[in-house]
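Given next are the chains, with one letter for each unit.
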Amino acid sequence: MKILDKVEEIILVLALLAMTIIAFANIISRNFAEISLSFTEELTINLFVLLTFVGTAMGVRNYSHLGFTLLYDLGGKGVKRGMIALSTIAGLVLFGVLFWYGIQTIIFQIDIGQKTPALGWPTWVMTMSLPVGAILCIVRTIQVGLAEWQLKDPASTDKEGELL
């Protein structure tokens, strides 16, 4: 999973870097040359979607999402396992639905030959971030669900995020 960790981190860094450069270039061109680069908005929005999904997968991996743990903390081993199973299944259903609808959207966009307004690229290229991000989230949900099922404390991880 360390390779997947690095892939996620590289995607996040490159997407954020590209968004920053693109937005800055658009601001400079608008203010100094009075030219609006309309394609920058298109790219920035689609990179933001990619960033959101990959960031969500990384958040699942690092136990970074908010949670209410009062009942979990008070419960015994059986209650904890039940809640782990329920939350893992709920996460898998959510990301599975996102994956399914992402694939259906891509198929539809390919069938009708839809293109982006500013760049003229096939829209499905931009939409790929939805199923790819959902797959990353599915993998991370399974990973965390299995680790929690063993009732390991998320605080007992090393610097790389691997369970000890």
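Residues numbered from 1 in each chain as written. Predicted model: local features only at pLDDT ≥ 70, side-chain atom pairs only at ≥ 80, totals over all residues. Heavy atoms only, no water.

**A short note on the overall build of the protein**
Quick note on the threshold: The way it works is that DSSP assigns letters per residue, a run of H or I at least four long becomes a helix, a run of E at least two long becomes a strand, and they are numbered from the N terminus. Throughout, radius of gyration means the C-alpha value; the globule benchmark is 2.2 Å times the number of residues raised to the power 0.38. We get accessible surface area from the Shrake-Rupley algorithm with a probe of 1.4 Å; when it comes to residues, only the shown protein chains can shield them. The convention is simple: Lys and Arg are positive, Asp and Glu are negative, and His and the chain ends are not counted. To locate a charge, take NZ of a lysine, CZ of an arginine, CG of an aspartate or CD of a glutamate.
Counting its secondary structure elements, the protein contains 6 helices and 0 strands. When the helices and strands of the protein are listed from N to C terminus, the series reads α-α-α-α-α-α. For 164 residues, the compact-globule formula gives about 15 Å, and the C-alpha radius of gyration of the protein, at 20 Å, lies well above that figure. Along the three orthogonal principal directions, the C-alpha set of the protein runs to about 65 × 35 × 30 Å. For the protein, the computed accessible surface area is about 10,400 Å², with 71% contributed by carbon and sulfur atoms. Once the 11 positive and 13 negative side-chain charges of the protein are each reduced to a mean point, those two points are 8 Å apart.

**Focus: the pattern of salt bridges**
Close approach of charged atoms lets side chains of opposite charge pair. The condition is simple: Each reported salt bridge corresponds to a side-chain nitrogen of Lys or Arg within 4 Å of a carboxyl oxygen of Asp or Glu. Exposure categories follow from relative accessible area, calculated using a 1.4 Å probe and restricted to protein chains: below 20% of the type maximum is buried, above 50% is exposed, and the middle band is partly exposed.
Applying the stated criterion to the full structure yields 6 salt bridges. One salt bridge in this structure joins arginine 61 and aspartate 5, with 2.9 Å as the shortest N-O distance. Placement of arginine 61 in helix 2 (residues 38–61) and of aspartate 5 in helix 1 (residues 2–32) is noted, with a sequence separation of 56 residues between them. Each member of the pair, arginine 61 as well as aspartate 5, is classed as buried. The salt bridge involving aspartate 5 is made with arginine 140; its shortest N-O contact spans 2.4 Å.

By themselves these figures say nothing about function.
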